[in-house]
Amino acid sequence: GGVPPAVDLVLGAAAGCLACVLTNPLEVVKTRLQLQGELQPPGTYPRPYRGVLRAVGAVCRADGLRGLQKGLAAGLLYQGLMNGVRFYCYSLAEDAGWTCYPGGTVAAGAVAGAVGAVVGSPAYLVKTHLQAQTLSAVAVGHQHNHENISAAFRTIYKQHGVAGLWRGVSGAVPRVAVGSAAQLATFTSAKDWVCEHQWFREGSWAAVLAGGMVSGVAVAVTMTPFDVISTRLYNQPVEADGTGKLYRGFLDCILQISSKEGLLGLYKGIGAVYLRLGPHTVLSLFFWDELRKM
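Labelled according to an unreviewed UniProt entry, the protein appears under the name Solute carrier family 25 member 34, originating from Tricholaema leucomelas. What UniProt states about the protein under its Sequence similarities (unreviewed entry) heading is, verbatim, "Belongs to the mitochondrial carrier (TC 2.A.29) family." As its UniProt record puts it under Subcellular location (unreviewed entry), the protein is described as follows: "Mitochondrion inner membrane".

This is the structure we're talking about:
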């Protein structure tokens, strides 16, 4: 409260970046798990990544400890753009009094998230490409083989123009809209619920973290299918005209995954999604709140 929306844009970007540094390793693991066995029936493909902890070990063996921070620069760019715009739009909604209406928090969170997703989509595209890249022995999904973040942007722009930088945005908008709405709508109520049941003292770090982890359940269940679809659309190989070789769009991606991998294919990597969501929710909102106070 009392912070202008323009300031919230900067503070939200800074908060998202600080949280990203600590949670990016789980983003790498999540991306690999979601691309593993792409469009193949369960049990018919090798699984170099088995669960979150084993996947962490597999990444370290293939790429070293630095492999857990693959795509960090693109991730920081994405978090800065997406969260800056998201918190800015949400702050505007607060100032306009829209969040005071029934369902206003959910609606404002969804709209703010959707706008942030569009703005940050090119950075998320490059982040996904870089995080998927690894040795051929443990590679999953299409390998784009970019040298670094700047080379990735140059290659995509050179081959497919400005439109190519926003390829996959149809999966990103519902992903962030659903996740943002669920996060902003459940985090405070989950934290209060934990305190009401006297699990932790109100206002303590433990209560905030527990609230974030409880809220993370709802967010993970609702967001993971959209997260899988978004990862697949971003990472798929494309034709010379920019059309996807595997998926024609959002709905086609859902249908193909469901028919070939089963409905559980839409929940690949949910463990990594959940383990990332709680700390990332707590850290980003904590940093945002503390920066606002300062």
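Moving on, there is more to tell.
As a further point, take the overall build of the protein. Helix and strand counts for the protein stand at nine helices and zero strands. Ordered by position from the N terminus, the helices and strands of the protein form the series α-α-α-α-α-α-α-α-α. By the compact-globule yardstick of 19 Å for 294 residues, the protein fits well, its C-alpha radius of gyration being 19 Å. Taken along its principal axes, the extent of the C-alpha atoms in the protein is 50 × 40 × 35 Å. Among the 294 residues that make up the protein, the fraction classed as buried is 51%. Accessible surface, the protein: about 13,300 Å² in total, of which carbon and sulfur atoms supply 65%. Computed over 24 positive and 17 negative side-chain charges, the separation of the two mean positions in the protein equals 10 Å.

Another aspect to go through is the pattern of salt bridges. Enumeration according to the criterion identifies 10 salt bridges in this entry. With a closest N to O distance of 3.0 Å, lysine 30 and aspartate 227 form a salt bridge. With lysine 30 in helix α1 (residues 5–35) and aspartate 227 in helix α7 (residues 205–235), the pair connects residues that are 197 residues apart, well separated along the chain. Across the pair, aspartate 227 and lysine 30 agree in class, each one buried. Among the salt bridges present, the one from arginine 248 reaches aspartate 252, with a minimum N-O distance of 3.5 Å. Judged by its relative accessible area of 12%, aspartate 252 falls in the buried class. Members of the salt-bridge network, linked through shared partners, are Glu27, Lys30, Lys127, Arg175, Asp227 and Arg276.

As a further point, take the UniProt feature "repeat: Solcar" (unreviewed entry) in the protein. Mapped onto the present numbering, the UniProt feature "repeat: Solcar" (unreviewed entry) falls on residues 3–96, 100–193 and 203–294. Taken end to end, residues 3–96 has its terminal C-alpha atoms 13 Å apart, with 72% of it in helix and 0% in strand. Helix makes up 76% of residues 100–193 and strand 0%, with an end-to-end C-alpha separation of 21 Å.

Okay, the side chain of serine 215 next. Position of serine 215 relative to the elements: it lies in helix α7. Within the local environment of serine 215, its side chain forms a polar contact with the side chain of threonine 186, the two groups lying 2.6 Å apart. Ignoring sequence-local partners within four residues, the contact set of serine 215 consists of Ala182, Gln183, Thr186, Phe187 and Ala190.

All right, on to unusual backbone geometry then. In this model, leucine 39 sits at a positive phi of 55°, which is unusual for a non-glycine residue. Position of leucine 39 among the secondary structure elements: in the loop between α1 and α2 (51–63). Even without a glycine there, the phi angle at glutamine 198 is positive, about 55°. Glutamine 198 gets classed as exposed once you look at its relative accessible area, which sits at 70%.

The rules we used
- Residues numbered from 1 in each chain as written.
- Predicted model: local features only at pLDDT ≥ 70, side-chain atom pairs only at ≥ 80, totals over all residues.
- Heavy atoms only, no water.
- UniProt positions renumbered as here; feature names shortened; annotations may be inferred.
- Helix = DSSP H or I, 4+ residues; strand = E, 2+ residues; numbered from the N terminus.
- Rg over C-alpha atoms; globule rule 2.2 N^0.38 Å.
- Buried < 20%, exposed > 50% of the residue type's maximum accessible area, 1.4 Å probe, protein only.
- Areas by Shrake-Rupley, 256 points an atom, 1.4 Å probe, with all protein chains shown as cover.
- Lys, Arg positive; Asp, Glu negative; His and termini not counted.
- Charge placed at Lys NZ, Arg CZ, Asp CG, Glu CD.
- Salt bridge = Lys/Arg side-chain N within 4 Å of Asp/Glu carboxyl O.
- Polar contact = N/O pair within 3.5 Å; in protein donor to acceptor, adjacent residues only side chain to side chain.
- Contact = heavy atoms within 4.5 Å.

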